[in-house]
Amino acid sequence: GDLFDTFAWRVSQFYPSVVFIMVGMNDCDEQYLLTVSDFRNNLLELVGKVKNIGAQPVLQTPCTIRSNQNAGMVKRYYMLIDVIREIGNIRSVPIIDHAKYWKENIDKSVSWMNDEMHPNKYGHRVMANYIFECISMDEANYTTSTLFVP
């Protein structure tokens with residue numbers, strides 16, 4: 001919905017070469033009534049819109065959520081993460097898999113969270129550093145690598 005209505009304002013006007021896409025966290029909340037199929041179709045359309053303006057889309061999974069969320073939300077979260085990975089694979093789009101990285105660092109990730117599903121300032125630093133690592137950016141070239149992360 002809103003991403004499509006505001007695509008020109010959010011993306012196209014900047015004539016980007018690369019567009020990083022992270023969706024799915026709010027969509028895992030059942031109150032939004034977005035089916036997994038609709039999520040898949042929307043993400044496919046979004047990837048297509050990015051490619052149509054000549055930019056390279058890069059998909060990102062959101063960070064992990066704590067398992068004390070309601071069971072339906074946790075199940076939907078993993079289903080949407082699978083869709084993001086699937087679309088990356090079938091459309092040959094790079095994926096930065098924050099969910100996997102945070103799960104591999106589950107003992108640390110508790111201190112990266114503001115609440116059950118949103119990263120705090122440390123979590124955002126971790127995400128930025130992981131993006132730079134995934135795109136093989138030299139650590140000396142980005143400031144966030146020097147900031148404290150518990």
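As shown above, the structure is provided for reference.
The sections below set out a description of the structure shown in this document. (Residues numbered from 1 in each chain as written. Predicted model: local features only at pLDDT ≥ 70, side-chain atom pairs only at ≥ 80, totals over all residues. Heavy atoms only, no water.)

Description of the overall build of the protein chain
Moving on, step 1. Helices and strands together make up the secondary structure of the protein chain, namely seven helices and three strands.
Moving on, step 2. What you see in the protein chain, going N to C, is helices and strands ordered as α-α-β-α-β-α-β-α-α-α.
Moving on, step 3. Against the 2.2 N^0.38 benchmark of 15 Å for 150 residues, the protein chain shows a C-alpha radius of gyration of 16 Å, consistent with a compact globule.
Moving on, step 4. In terms of overall dimensions, the protein chain has C-alpha extents of about 40 × 40 × 25 Å along its principal axes.
Moving on, step 5. Relative to its 150 residues, the protein chain shows a buried fraction of 43%.
Moving on, step 6. The long-range fraction of contacts in the protein chain, counting pairs at least 24 apart against all pairs at least 6 apart in sequence, stands at 69%.
Moving on, step 7. Side-chain charges of the protein chain comprise 14 positive and 17 negative groups, with the mean position of each set lying 2 Å from the other. (Helix = DSSP H or I, 4+ residues; strand = E, 2+ residues; numbered from the N terminus. Rg over C-alpha atoms; globule rule 2.2 N^0.38 Å. Buried < 20%, exposed > 50% of the residue type's maximum accessible area, 1.4 Å probe, protein only. Contact = heavy atoms within 4.5 Å. Lys, Arg positive; Asp, Glu negative; His and termini not counted. Charge placed at Lys NZ, Arg CZ, Asp CG, Glu CD.)

Notes on the sheet that holds strand 3 (residues 95-97)
Sheet strands pair by backbone hydrogen bonding; their relative direction is either parallel or antiparallel.
Moving on, step 1. On the basis of which strands lie adjacent, the open sheet formed by three strands has the order 1-2-3 and parallel pairing. Bordering the open sheet on either side are strand 1 (18-22) and strand 3, each of which pairs with just one other strand. Each neighbouring strand pair of the sheet contributes to a mean axis angle of 20°, computed without reference to strand direction.
Moving on, step 2. Judged from the five bridges that link them, strand 1 and strand 2 (residues 56-61) form a sheet pairing that is parallel. Paired with Met22 across the bridge in strand 2 is Gln60.
Moving on, step 3. Strand contacts of helix 3 (residues 36-52): strand 1 and strand 2, with the helix running at about 145° to strand 2, the strand carrying the most contacts.
Moving on, step 4. In the packing of helix 4 (residues 71-90) onto the sheet, contacts are made with strand 2 and strand 3, and the angle to strand 2 comes to roughly 155°. (Pairing = 2+ DSSP bridges. Axes fitted to C-alpha atoms, helices over the stretch in contact; angles between N-to-C directions.)

Digging into helix 7 (residues 121-134)
Moving on, step 1. For helix 7, spanning 14 residues, the distance from its first C-alpha to its last is 20 Å, which sits close to the expected 20 Å at 1.5 Å a residue.
Moving on, step 2. Of all the positions in helix 7, only Gly123, Arg125, Val126, Met127, Ala128, Asn129, Tyr130 and Ile131 are classed as buried.
Moving on, step 3. Buried positions along helix 7 lie against strand 1, strand 2, strand 3 and helix 5 (98-104).
Moving on, step 4. Between the side-chain oxygen of the N-cap and the backbone nitrogen of Tyr122 there are 2.8 Å, and the N-cap of helix 7 in question is Asn120. (Expected span 1.5 Å × (residues − 1). Polar contact = N/O pair within 3.5 Å; in protein donor to acceptor, adjacent residues only side chain to side chain.)

Focus: the layout of surface pockets
Moving on, step 1. The calculated volume of the largest pocket comes to roughly 560 Å³.
Moving on, step 2. If you tally residues by element for the lining of the largest pocket, the top one is helix 3, at four residues.
Moving on, step 3. When grouped by side-chain class, the residues that make up the lining of the largest pocket number 15 nonpolar, six polar and three charged. (1 Å grid on protein atoms, 1.4 Å probe; cavity = no way out; pocket = protein on both sides within 12 Å on 5 of 7 lines; lining within 4 Å. Points joined across faces, edges and corners; volume = space filled by probe spheres on them. Nonpolar A, V, L, I, M, F, W, Y, C, P; charged D, E, K, R; others polar.)

A few points about the nonpolar core
Moving on, step 1. Grouped together as the largest cluster of nonpolar side chains are 35 residues, with contacts concentrated most on Ile21, Phe39, Leu43, Leu59, Tyr77 and Trp102.
Moving on, step 2. Elements with a minimum of two residues in this core: strand 1, helix 3, helix 4, helix 5 and helix 7.
Moving on, step 3. Considering each element in turn, this core owes the most residues, eight residues, to helix 4.
Moving on, step 4. Ignoring anything within four residues of it in the chain, the contact list for Tyr77 reads Met25, Cys28, Pro62, Cys63, Thr64, Ile65 and Ala99. (Core = buried A, V, L, I, M, F, W, Y, C linked by side-chain atoms within 4.5 Å.)

Looking at the packing of aromatic side chains
Moving on, step 1. Scanning the model with the defined rule gives four aromatic pairs in all.
Moving on, step 2. Considering the side-chain rings of Tyr101 and Trp112, the 6.4 Å spacing of their centres and the 10° angle between planes classify their relative orientation as stacked. Of this pair, Tyr101 sits in helix 5 while Trp112 sits in the loop between helix 6 (106-109) and helix 7, placing them eleven residues apart in sequence.
Moving on, step 3. Note on Tyr101 and Tyr130: the rings are 4.3 Å apart at their centroids and 25° apart in plane angle, and the pair reads as stacked. Within this pair, whereas Tyr101 is found in helix 5, its partner Tyr130 is found in helix 7, the two being separated by 29 residues in sequence.
Moving on, step 4. Taking the ring centre of Phe7 as reference, the NZ or CZ of Lys49 above it sits at 5.2 Å. (Phe/Tyr/Trp six-rings, centres within 6.5 Å; stacked < 30°, edge-to-face > 60°. Lys NZ or Arg CZ within 6 Å of the ring centre and 35° of its normal.)

Treat this as a map of the structure, not an account of what it does.
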